[in-house]
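As a plain string of letters, each chain reads:
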2 protein chains.
Amino acid sequence: MTHPRVGVVGAGQLARMMLPEAIALDVGLALLAADPADAAAQRSPDVTVGGDLATFAAACDALTFDHELVDPTALAEAAGAGAVLRPSPRALRFAQDKIHQRTQFAAHGLPVPEHAIAEHADGVRAAGEALGWPLVLKAPLGGYDGRGVVTVGGPDEAAAALEALGGPPVLAERAVALDAELAVLVARRPSGETVRYPPTLTVQADGICTELLAPAGLHEAVLEAAGEVADRVAALVDAVGVLAIELFVEGGEVLVNEVATRPHNSGHWTIDGAVTSQFANHLRGVLDWPLGSTAMTVGAAATVNILGPGDGHDPRAARAATLAVPGVAIHWYGKGARPGRKLGHVTAVGEEADETRARAQRAASILLGEEAGDGR
Amino acid sequence: MTHPRVGVVGAGQLARMMLPEAIALDVGLALLAADPADAAAQRSPDVTVGGDLATFAAACDALTFDHELVDPTALAEAAGAGAVLRPSPRALRFAQDKIHQRTQFAAHGLPVPEHAIAEHADGVRAAGEALGWPLVLKAPLGGYDGRGVVTVGGPDEAAAALEALGGPPVLAERAVALDAELAVLVARRPSGETVRYPPTLTVQADGICTELLAPAGLHEAVLEAAGEVADRVAALVDAVGVLAIELFVEGGEVLVNEVATRPHNSGHWTIDGAVTSQFANHLRGVLDWPLGSTAMTVGAAATVNILGPGDGHDPRAARAATLAVPGVAIHWYGKGARPGRKLGHVTAVGEEADETRARAQRAASILLGEEAGDGR
């Protein structure tokens, strides 16, 4: 692959944030979009809208992914026709199927929350008896940002919860008493070369990640354990490009929550705060090119996700005022401002964690119109 | 300009490096290209090829520039039709006309090399008598990367030198005894808000800049004088967006060589080594949005320009091997590999200046095939 063209299935914000890295490396980046207005598609001259995956793949030297929601049959067909899938369908399956993921991780001795697979409402009730109430149910396929997850208070709610998730089978999981949540990003080449970013503290509200803090500021022993678990997961999944490992921290122990086999929201701070961004290392991994340093360039980085406000107004209008906050970068995804939708993020960099986080939060407040800026 | 569209006249590598910043800010970036294969045009969905400047400008909220070689009549016409030109034609003229620039700077008491304006061969000879031989002649218009500059050894060479530059008038300048060359980048808003990057040491070979080093590593007094002069130049030029001030250092004094009213090669390290890149601050200045921090995020940054090798081979083929050098980023411009042409640059970041420079040089050697990489 001397002059490679990488295909990306999906043209959302992750593909959009690959564009700058592809431009710098002068690597072709072809997008398979659902709509010409998709986040990445609107900024790229190399877009295929709604085409067949195998046909798209045949025109690319390697195929990678903006999301995991790809039909396994189409992937198998493309692979059969000679497409180079990075990550592989086998690796993607870990992110596509939460039951497969959890079962495999448990079988390989990785630390995971106690869980059961429920095939019917009685199975949910039995899991609740065994693991304790409340119980967390997760649909195996298609969930993200809090969707596909239901908390069940007791046996009476079992049937309704199962129905809300679209029916069995579901993953039933003990409600973990969270001290914190972490994400560890690993980048990997087909040859096995692996680099790991410093663990990121992820702050959630209503199942959606709202803030990222690096360094994570937890005890060194917890961070070391997180890194070690992440390396084991990456090897088991046989990841290529970026793999994100989301971890629960409970009583000083780390438990694997779930993985994403692609760049991930938790690594967005790396654009502004690391020697090599997750998007650059994803492309380098996919191309089987040497991976870049994951070291932080700054003392602290804090990212706040900007969700569409409930009143439907477009926070984009406040970009100028926001940039008056020192050391803040805006990353906007070009999406329409629907309530609750991830529209972009702001990252503050600095020397000290609390002060840096405060600036990121202030920038987010100005964007959302909760605080006036003084920039204009 | 709530949802602005910025037009860029020219679609070379500077416009190309504006693309990532426009994507992040979600600002429209329209390119007026000479050819669809231009460095930036090949990576953008918003390209006008060979159109009329005033028509192009009418569809943009503000117009800025990838290069200075723009017909002043066309600019005046666009301005007359209501286009917002940033920088203004008055500011652009400083970069377009070296005689105007030098004359104005001298009239305003800025430190410049002793010089004269020669209107004929006798004028060149008179300048040589007054300023000493050898004498440096510069064509007022269109020179860059060493073109448009001739050194005259003595009076006998005056007529030929003048002819080589396309005839009079020319700027005749005393040959400065260089200790070093510096460039200072300033970014400025129409309101006057100004930020300044740390001075960059620029290393030249045959009139072409080959290396950039930040911090510049000269005495603090020299760097302070450079910054002070740059601020005075920026105010005089009434710059908007990035202004690059190239300085000679001679006997501990700084002298203004020339300016560019746009992002500049000397600031390419800011993409990887500063909180805000020169391209982001250029757009922010053009939009009249608050400017970003110019602080370095790393202890040292070193950039090496990659010029097309004499044998015509394409260094792009060695990208993978190059990336095995730690802490090195590649920025490629997508241009055909003609001998001597600027094809891209590599930037190394690190803690210590010499070690960082050595890595950048090693990366460049691998790209150019002078040294084998070990990355694959």
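So, how was this worked out
- Residues numbered from 1 in each chain as written.
- Chains lettered and ligands numbered in written order.
- Predicted model: local features only at pLDDT ≥ 70, side-chain atom pairs only at ≥ 80, totals over all residues.
- Helix = DSSP H or I, 4+ residues; strand = E, 2+ residues; numbered from the N terminus.
- Rg over C-alpha atoms; globule rule 2.2 N^0.38 Å.
- Buried ≥ 20, exposed ≤ 12 C-beta atoms within 10 Å, placed from the backbone.
- Contact = placed C-beta atoms within 7 Å.
- Pairing = 2+ DSSP bridges.
- Axes fitted to C-alpha atoms, helices over the stretch in contact; angles between N-to-C directions.
- Domains from an automatic or database assignment.
- Nonpolar A, V, L, I, M, F, W, Y, C, P; charged D, E, K, R; others polar.
- Least-squares fit on C-alpha atoms with pLDDT ≥ 70 in both.
- Left-handed = near helix turned anticlockwise from the far one by under 90°.
- Arc of directions from axis to C-beta.
- Right-handed = clockwise from strand over helix to strand, strands pointing away.

Chemist: What is the right way to look at the overall build of chain A in this model?
Modeler: Helix and strand content of chain A: 12 helices and 17 strands. Over its C-alpha atoms chain A spans a radius of gyration of 21 Å, differing by no more than 12% from the 21 Å that the globule rule assigns to 376 residues. With respect to the three principal axes, the spread of C-alpha positions in chain A is 60 × 55 × 40 Å. Buried positions account for 56% of the 376 residues belonging to chain A.

Chemist: Sorry if this is basic, but what is going on with the interface of chain B and chain A here?
Modeler: Quite often, the size of an interface is put as the accessible area lost when its parts meet. Of the residues lining the interface, 35 residues belong to chain B; the matching set on chain A comes to 35 residues. Ranked by residues supplied to the side of chain B that touches chain A, first place goes to helix α1 (residues 13-25) of chain B with 6 residues.

Chemist: What's the story with the sheet that holds strand β8 (residues 170-174) of chain A in this structure? I'm lost.
Modeler: Neighbouring strands of a sheet are bound in pairs by backbone hydrogen bonds; such pairs are parallel or else antiparallel. All names here are of chain A. With antiparallel pairing, the 4 strands of this open sheet are ordered in space as β5-β8-β6-β7. Pairing within the sheet leaves two strands with one partner each, and these edge strands are β5 (115-118) and β7 (149-152). Each strand of the sheet is rotated relative to its neighbour by a mean of 25 degrees, with strand direction disregarded. Seen against the sheet, helix α5 (residues 98-107) touches β5, β6 (135-138) and β8 and runs at an angle of roughly 50 degrees to β8. Sheet strands touched by helix α6 (residues 121-131): β5, β6, β7 and β8. Its angle to β5, the strand with the most contacts, is close to 170 degrees.

Chemist: In this structure, what is going on with the domain arrangement of chain A? I would like to understand it.
Modeler: Residue and element names in this part refer to chain A. Domain annotation for chain A reports domain 1 (5-85), domain 2 (114-174) and domain 3 (180-367). Here the C-alpha centre of domain 3 lies 22 Å away from the C-alpha centre of domain 1. Facing the 18 residues of domain 1 at the interface are 16 residues of domain 3. Those elements giving two or more residues to the side of domain 1 that touches domain 3 turn out to be α1 (13-25) and β4 (62-65). Counting residues per element, the side of domain 1 that touches domain 3 draws most heavily on α1, which supplies 8 residues. Of the residues belonging to the side of domain 1 that touches domain 3, the class tally is 10 nonpolar, 3 polar and 5 charged.

Chemist: Could you clarify how one ought to interpret the environment of Ala 187 of chain B in this entry?
Modeler: Tracing the backbone shows Ala 187 of chain B in strand β9 (residues 180-188). With sequence-adjacent residues up to four places away left out, Ala 187 of chain B is seen in contact with Val 195, Gly 241, Val 242, Asn 281, His 282, Gly 285 and Leu 291 of chain B.

Chemist: Looking at this structure, how should I read the environment of Asp 238 of chain B?
Modeler: All names here are of chain B. Looking at the secondary structure, you find Asp 238 in the loop between α8 (220-237) and β13 (241-250). Residue classification places Asp 238 among the partly exposed residues on the basis of 16 C-beta atoms within 10 Å. Each C-alpha atom, one on Asp 238 and one on Ala 221, is 26 Å from the other, the two residues being 17 residues apart in sequence. Not counting chain neighbours up to four residues away, the residues in contact with Asp 238 comprise Ser 88, Arg 90 and Ala 91.

Chemist: Would you mind going over the relation of the copies chain B and chain A with me for this structure?
Modeler: Mapping one chain copy onto the other needs a rotation about an axis and a shift along that axis. Overlaying chain B with chain A gives an RMSD of 0.0 Å, the required rotation being 180 degrees about an axis along which the chain moves by 0.0 Å. In the structure described here, the two chain copies are related by an operation that fits a two-fold rotation axis.

Chemist: Help me out: how do you make sense of the packing of α1 of chain A against helix α10 (residues 278-286) of chain A in this one?
Modeler: Angle between the axes and distance between the axes: these two values describe a pair of packed helices. Residues and elements named next belong to chain A. Packing of α1 against α10 brings their axes to within 8 Å, and their N-to-C directions diverge by 60 degrees. By crossing handedness, the relation of α1 to α10 is classed as right-handed. In this structure, α1 uses Met 17, Met 18, Glu 21, Ala 22 and Leu 25 to contact α10, whose residues at the interface are Phe 279, Ala 280, His 282 and Leu 283. In the contact of α1 with α10, the residues fall into 7 nonpolar, 1 polar and 1 charged.

Chemist: What exactly am I supposed to notice about the sheet that holds strand β5 (residues 115-118) of chain B here?
Modeler: Residues and elements named next belong to chain B. Judged by pairing direction, the sheet is antiparallel, and its 4 strands sit side by side in the order β5-β8-β6-β7 without closing on themselves. Strands with a single pairing partner mark the edges of an open sheet, and in this sheet they are β5 and β7 (149-152). Averaged over neighbouring strand pairs, the angle between their axes works out to 25 degrees when direction is ignored. As judged from the 4 bridges shared by strand β6 (residues 135-138) and β7, these two strands associate in the antiparallel manner. The partner of Val 136 across the bridge, within β7, is Thr 151. Packing against the sheet, helix α5 (residues 98-107) makes contact with β5, β6 and β8 (170-174), and its axis sits at approximately 50 degrees to β8. Relative to the sheet, helix α6 (residues 121-131) contacts β5, β6, β7 and β8, its axis offset from that of β5 by approximately 170 degrees.

Chemist: Teacher, can you tell me more about α5 of chain B here?
Modeler: Since the α-helix turns once every 3.6 residues, residues separated by three or four places project in the same direction. All names here are of chain B. Those residues of α5 not exposed but buried are Lys 98, Gln 101, Arg 102 and Phe 105. Down the axis of α5, the sector holding all buried residues measures 90 degrees, keeping them to one side. For α5, the secondary structure elements touched by its buried residues are α4 (89-96), β5, β6, β8 and β14 (253-260). Looking one or two residues past α5, Gly 109 carries a phi angle of roughly 75 degrees, positive in sign.

Chemist: Looking at this structure, I do not really get the pairing of strand β2 (residues 28-33) of chain A. What am I missing?
Modeler: Within a regular strand, side chains alternate between the sheet's two faces. Residue and element names in this part refer to chain A. When strand β1 (residues 5-9) meets β2, the two strands line up parallel, connected through 5 bridges. Its bridge partner being in β2, Arg 5 is matched across the sheet by Gly 28. Tracing the backbone out of β1, into α1 and back to the parallel element β2 gives a crossover that is right-handed.

Chemist: Honestly, unusual backbone geometry in this entry has me stumped. Any pointers?
Modeler: Note: most residues except glycine have negative phi, and most peptide bonds are trans. Residue and element names in this part refer to chain A. Of the consecutive residues Trp 133 and Pro 134, the connecting peptide bond is found in the cis state with omega at -5 degrees. Within the secondary structure, Pro 134 is located in the loop between α6 and β6. A cis amide bond links Ala 214 to the next residue, Pro 215, at an omega of -5 degrees. Examined against the element boundaries, Pro 215 turns out to sit in the loop between β12 (208-214) and α8 (220-237). One non-glycine residue, Asp 26, lies in the positive phi region at around 55 degrees. Within the element layout of this structure, Asp 26 appears in the loop between α1 and β2.

Chemist: Whenever I open this one, the pairing of strand β16 (residues 328-332) of chain A confuses me. Can you help?
Modeler: Residues and elements named next belong to chain A. By the criterion of burial, β16 is predominantly enclosed, with 5 of the 5 residues buried. Note: β16 against strand β17 (residues 342-350), 5 bridges, orientation antiparallel. Bridging across to β17, His 331 finds its partner in His 345.

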